[in-house]
There are 2 protein chains.
Amino acid sequence: MTTWLKAQYTRRDPDPQSVIEAVPFERPVLAPGQALVAVLAAPINPSDVLTLTGEYGILPPLPAVGGNEGVGRVVELGPDTQGPAVGQTVLLPAGIGTWASHVLAPVAKLVPLPNGADPQQLAMLTVNPPTASLLLGNFVDLKPGDWVVQNAANSGVGSYLVQLARQRGLKTVNIVRRESAVAGVETLGADVVLVDGEDLAARVKAVTHGASIKLGVDSVGGSATLRLAACLGEGSIVVNYGALSGDACKVSPRELVFRDITLKGFWLARWFRITPAAQQHALLAELAGLIAAGKLKAPIQATYDLMQIKQAVAAAAAGERQGKIMIVPRHE
Amino acid sequence: MTTWLKAQYTRRDPDPQSVIEAVPFERPVLAPGQALVAVLAAPINPSDVLTLTGEYGILPPLPAVGGNEGVGRVVELGPDTQGPAVGQTVLLPAGIGTWASHVLAPVAKLVPLPNGADPQQLAMLTVNPPTASLLLGNFVDLKPGDWVVQNAANSGVGSYLVQLARQRGLKTVNIVRRESAVAGVETLGADVVLVDGEDLAARVKAVTHGASIKLGVDSVGGSATLRLAACLGEGSIVVNYGALSGDACKVSPRELVFRDITLKGFWLARWFRITPAAQQHALLAELAGLIAAGKLKAPIQATYDLMQIKQAVAAAAAGERQGKIMIVPRHE
């Protein structure tokens, strides 16, 4: 007998695991135009944790089901409904509350994905790969052979950025915060992996033979932003998309004024809001193809069933991880 | 008998007054194409102090004469030389070493200024007024009625910015670091003057009736940048041009990512380097006209003779001032 579960929260709290819990729900009755989808895999992203703590830029009304992306398999179509066939693997619509055994979704919003591909890798398609792709493509006009430098290179976005950069002929300097993270980033195709520290700019200059680096990608903040900016050439851009340190980004007026460094932010949710749908779909299709072909992947540290949602969120919120935390609902 | 003096330094030091001293020099012999100019007034700008300490973005070879701008009166023209008449008030070329009783300059680089205008106000033409004008004009497309917010509003640039903004129909929120600076900024035509503090954004919102402010001008750095950014509307720009706090600018990832705030720097020296001469001259002519007409002025705290150069530099380097420090060489 199937258990129908969703990971729900009714309040927000600085301790994210305290607010989320798996609750049972009744099998829903489908309306025309709807599909019932069994969730195969749904990741826990940093933005999901910030949504639970109340620190994210958009917060859904409460109560809410956690999870912003994932993939599933179509179980049933509503009456008189044309759509992906029962059994088809589909991408779930963003923001639908994917940490659940099943979701009800409008068929028009389901994007068919290759049935043969790894659903856990496909489940990470919507958030991190487009972020990495747009960080690389939307701020600086980069040409093959150019260097890019990023910190938190062992994060989900960081992992995709290494692989996409390599496919575009770009070279990457990857900064991590601990020695134990170096090997994992190297295996993804990184040109250089360095552990952060005071002399970072000098070490980057040495390994890149003094190349003028035009783009720095920051998801740490605090003094890490300062050290990243110091690695860049005159007139370059630092793009921040996260705050793993919990601190405000620091950039010295020397860098801003004398070296013309610009600090900007990137938020995928804004990009989705302001970008024509066709352009969004083209990007997702390109990235889905790469994932299905095994050319784009991110490490997964562990998978959790919905009954373990508190442990899963705690693991996702912890500082040191070896990969993404993935919710894989049990379907018996 | 005339004393020929120049304020010279032969090394750089964190204590700027320790390295500068007035030294006598011989009346020079003029070559064709040169003019001898008696300096009437030359200010000490923050950039001059940073040049003495070695913290500025360009440092002249040593030994050097201090001072980057000023005005003088033509005393003598070289043999067979056409140029501004003897007695004409002229703008001295940038970077010539203006803290001196007299300078030798190519006549082609001397810009005639109205003889009747206040030379001390004209002496500040080259550095602060164009900085204020370009901060207002080069980063955001502002329309009459729009608000601009700046900190260190009682600085030289800050004073000009208040007046130029008013002339362009813009409204200014001016932030100062102490209550004693409020009245001075108000007399320049400020719409609002506030003392910095944790609740700054809420107070700005109240006085501007929630206007979406598109431009923030920062010359303080540190947490002051953070508080300034919080006053701005979504998609706006903070431009930094100074570091009065001595600290790196801080901007929270929340502002960068969720509210699309950009942090940039402005350096007048770069603008002069990359901008066509005709455009530079047009801006300076416009600003000189406003100064000569008394429509653009900056407060002067005190004037010093060259023999008092150490005291003058110490006063310029001090944190709390009521206006610019001005070198006015004695001509007997």
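Residues numbered from 1 in each chain as written. Chains lettered and ligands numbered in written order. Predicted model: local features only at pLDDT ≥ 70, side-chain atom pairs only at ≥ 80, totals over all residues. Heavy atoms only, no water.

Much of the literature gives interface size as the accessible area that the parts lose upon coming together. Residues and elements named next belong to chain A. The assigned domain composition of chain A is domain 1 (5-124 + 298-327) and domain 2 (128-269). Taking the mean C-alpha position of each, domain 1 and domain 2 sit 30 Å from one another. The interface of domain 1 with domain 2 comprises 12 residues on the first partner and nine residues on the second. When the two sides are added together, the surface that domain 1 and domain 2 hide from each other amounts to roughly 890 Å², 46% of it contributed by carbon and sulfur. When the buried surface of domain 1 facing domain 2 is broken down by residue, M124, A298 and E320 rank first, second and third, together holding 36% of it. Run the count over domain 1 and domain 2 and you get zero salt bridges. On the surface where domain 1 and domain 2 come into contact, there are two residue pairs in polar contact (both at pLDDT 80 or more). (Domains from an automatic or database assignment. Contact = heavy atoms within 4.5 Å. Buried area = accessible area lost by both parts, 1.4 Å probe. Salt bridge = Lys/Arg side-chain N within 4 Å of Asp/Glu carboxyl O. Polar contact = N/O pair within 3.5 Å; in protein donor to acceptor, adjacent residues only side chain to side chain.)

All names here are of chain B. With respect to the helices and strands, L284 occurs in helix α10 (residues 277-292). Residues L284 and N138, spaced 146 residues apart in sequence, show a C-alpha to C-alpha distance of 16 Å. Those residues in contact with L284 that sit more than four places away from it in its chain are L125, T126 and P130. (Helix = DSSP H or I, 4+ residues; strand = E, 2+ residues; numbered from the N terminus.)

Here we take up the interface of chain B and chain A. Each partner contributes residues to the interface: chain B has 31 residues there, and chain A has 31 residues. For the pair chain B and chain A, the summed buried surface comes to about 2,300 Å²; carbon and sulfur atoms form 58% of the total. Residue E234(A) is joined to R270(B) by a salt bridge in which the shortest nitrogen-to-oxygen separation is 3.7 Å. Tallying contributions element by element places helix α8 (residues 253-258) of chain B first for the side of chain B that touches chain A, with five residues.

Turning next to the relation of the copies chain B and chain A. With an axial shift of 0.0 Å and an RMSD of 0.0 Å, the rotation relating chain B to chain A amounts to 180 degrees. In the structure described here, the two chain copies are related by an operation that fits a two-fold rotation axis. Residue by residue, 100% of the interface of chain B is reproduced at the interface of chain A, so both copies engage with the same surface. (Least-squares fit on C-alpha atoms with pLDDT ≥ 70 in both.)

Looking at the secondary structure, you find N128(A) in helix α3 (residues 128-137). In this structure, N128(A) is in contact with N45(A), G156(A), V157(A), Y160(A) and K324(A), ignoring residues within four places of it in sequence.

With that settled, consider the pairing of strand β17 (residues 324-327) of chain A. Residues and elements named next belong to chain A. Side chains K324 and M326 project from β17 onto one buried face, and the interleaved I325 and I327 project onto a second face that is buried too. Across three bridges, strand β3 (residues 34-44) lies against β17 in antiparallel orientation. Across the sheet, the residue bridging to P43 is M326, located in β17. By the bridge criterion, four bridges tie strand β16 (residues 300-304) to β17 in an arrangement that is parallel. Across the sheet, the residue bridging to T303 is M326, located in β17. As for the winding sense of the linkage, the β-α-β connection from β16 through helix α11 (residues 309-317) to β17 is right-handed. (Buried < 20%, exposed > 50% of the residue type's maximum accessible area, 1.4 Å probe, protein only. Pairing = 2+ DSSP bridges. Right-handed = clockwise from strand over helix to strand, strands pointing away.)

This part is about α11(A). Residue and element names in this part refer to chain A. All buried positions along α11 are accounted for by I309, A312, V313, A315 and A316. Along α11, the residues classed as buried sweep out an arc of 160 degrees about the axis, all on the same side. In the core, the buried residues of α11 are packed alongside β1 (5-9), β2 (20-24), β3, α1 (46-53), β16 and β17. (Arc of directions from axis to C-beta.)

What follows deals with the packing of α3(A) against helix α10 (residues 277-292) of chain A. Residues and elements named next belong to chain A. Axis separation between α3 and α10 bottoms out at 10 Å; the angle between their running directions is 110 degrees. The angle between α3 and α10 falls in the class roughly perpendicular. The interaxial crossing formed by α3 with α10 has right-handed handedness. In this structure, α3 contributes P129, P130, S133 and L134 to the contact, and α10 contributes L283, L284, L287 and I291. Tallied by class, residues from the contact of α3 with α10 come to seven nonpolar, one polar and no charged. (Axes fitted to C-alpha atoms, helices over the stretch in contact; angles between N-to-C directions. Parallel < 35°, antiparallel > 145°, perpendicular 65-115°, else oblique. Left-handed = near helix turned anticlockwise from the far one by under 90°. Nonpolar A, V, L, I, M, F, W, Y, C, P; charged D, E, K, R; others polar.)

Residue and element names in this part refer to chain A. Cis rather than trans, the peptide bond between L62 and P63 has omega equal to -5 degrees. By the element assignment, P63 lies in the loop between α1 and β4 (64-65). Of note in this structure, D80 is not a glycine but carries a positive phi near 55 degrees. For D80, the position within the fold is in the loop between β5 (71-77) and β6 (89-91).

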